[in-house]
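So the chains spell out like this:
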Amino acid sequence: MASLKPVLYSSWSSSCSWRVRIVMNFKGLGYDLKPISLADDEQHDEEFLKINPLGFVPALKLHDRVLIDSYNIMIYLEENRFGYKLIPEDNDEKIKVREIVLLIVCSIQPIQNTGVLKKLDDYEEWPKFWIAKGFKALEAILSKTAGKYCVGDKITMADVCLVPQVFNARKYKVEVEDYPLIVRIDKELENHPCFSSTHPYKQPDYPGNKTN
């Protein structure tokens, strides 16, 4: 009998996938994980292209529909699932959360995406430059919005997007200590179960977890 759980097509190395795993945990939504190996180009396999013709992870098969793009999936889950609310009701806070989310998912992460880097000669300096540029802007925004977390004292979708991007920054050897607010918030969230349990290194497809 086929599983009735949602199926999340995910990669341990994809920050976009990590965002969605975090949101699904906050929403209390169980799922079956279908790892897609980016290193082996499985995102371009014929079967996966039937799921997402663009060949990107994550994708979420939810009952009779398939959702693609991490932002679209996160917004769908926020609007259609009960559980912890990741976008505030207060209009001013809502605007700031969306501003931070879009800064990360549209202006920082896509430029340092692995698919982009494969097309470049300057594989090392490119991501460092663009992440640092984005973090400089983000640090300035957080200086006006942050409390304990990105916007005030409650975890929001801004935090969901921040933590995976900090992980990427460290991977590309960005000097994250230059951005003390970003580092402090990331540290605050590292042991929260919705973040720690979905960490890339805890995914079954992480190379260090494979037994074969």
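It should be noted that the structure appears before, not after, this text.
Attention here is on the structure that accompanies the text. (Residues numbered from 1 in each chain as written. Predicted model: local features only at pLDDT ≥ 70, side-chain atom pairs only at ≥ 80, totals over all residues. Heavy atoms only, no water.)

Observations regarding the nonpolar core
Most often, soluble globular proteins keep nonpolar side chains buried together rather than apart. Formed by 54 residues in total, the largest nonpolar core has its most connected members in Ile100, Phe135, Leu138 and Phe195. When residues of this core are traced back to their parent elements, those giving at least two are helix H1 (15-26), strand E3 (59-62), helix H3 (70-80), helix H4 (91-108), helix H6 (125-145), helix H7 (157-171), helix H8 (180-189) and helix H9 (193-196). Among the elements that line this core, the one with the most residues is H7, at nine residues. Contact partners of Phe135, with chain neighbours within four places excluded, come to Ile108, Gln165, Val166, Ala169, Val176, Tyr179 and Ile182. Listed in part, the eight residues of the second largest apolar core include Val7, Phe48, Val57 and Ala59. (Core = buried A, V, L, I, M, F, W, Y, C linked by side-chain atoms within 4.5 Å. Buried < 20%, exposed > 50% of the residue type's maximum accessible area, 1.4 Å probe, protein only. Helix = DSSP H or I, 4+ residues; strand = E, 2+ residues; numbered from the N terminus. Contact = heavy atoms within 4.5 Å.)

Quick notes on the environment of Asn25
Along the polypeptide, Asn25 turns up in helix H1. Leaving out residues up to four positions away in the same chain, Asn25 has contacts with Tyr31, Pro193, Cys194, Ser197 and Thr198.

Describing the sheet that holds strand E1 (residues 7-10)
Read from one edge of the open sheet, four strands run E2-E1-E3-E4, paired in mixed fashion. Lying at the two open borders of the sheet, with one neighbouring strand each, are strand E2 (32-35) and strand E4 (65-68). Here the average twist between neighbouring strands, direction ignored, is 20°. Sheet topology places E3 next to E4; four bridges connect them, and they run antiparallel. By the bridge assignment for E4, Leu62 is matched with Arg65. Of the strands in this sheet, E1 and E3 are in contact with H1, which crosses E1 at around 150°. Lying over the sheet, H3 contacts E3 and E4, oriented at roughly 125° with respect to E4. (Pairing = 2+ DSSP bridges. Axes fitted to C-alpha atoms, helices over the stretch in contact; angles between N-to-C directions.)

Overview of the layout of surface pockets
Its boundaries defined by the atoms lining it, the largest pocket holds a volume of some 960 Å³. Contributing elements (two or more residues each) for the lining of the largest pocket: H1, H3, H4, helix H5 (114-117) and H7. Its residues assigned to classes, the lining of the largest pocket comprises 21 nonpolar, 16 polar and eight charged. In this model, the second largest pocket occupies a volume close to 200 Å³. What lines the second largest pocket is Trp18, Val163, Phe167, Arg170, Asp186, Glu190, Phe195, Ser196, His199 and Lys202. If you list the elements that add at least two residues to the lining of the second largest pocket, you get H7 and H9. For the lining of the second largest pocket, the element with the highest residue contribution is H7, accounting for three residues. Considered class by class, the residues forming the lining of the second largest pocket number four nonpolar, two polar and four charged. (1 Å grid on protein atoms, 1.4 Å probe; cavity = no way out; pocket = protein on both sides within 12 Å on 5 of 7 lines; lining within 4 Å. Points joined across faces, edges and corners; volume = space filled by probe spheres on them. Nonpolar A, V, L, I, M, F, W, Y, C, P; charged D, E, K, R; others polar.)

Focus on H7
Look at H7: 22 Å from first C-alpha to last across 15 residues, which is about the 21 Å you get at 1.5 Å a residue. Within H7, 13 of the 15 residues are buried, leaving the element largely enclosed by the surrounding structure. Looking one or two residues beyond H7, the residue adopting positive phi is Lys173, at roughly 60°. (Expected span 1.5 Å × (residues − 1).)

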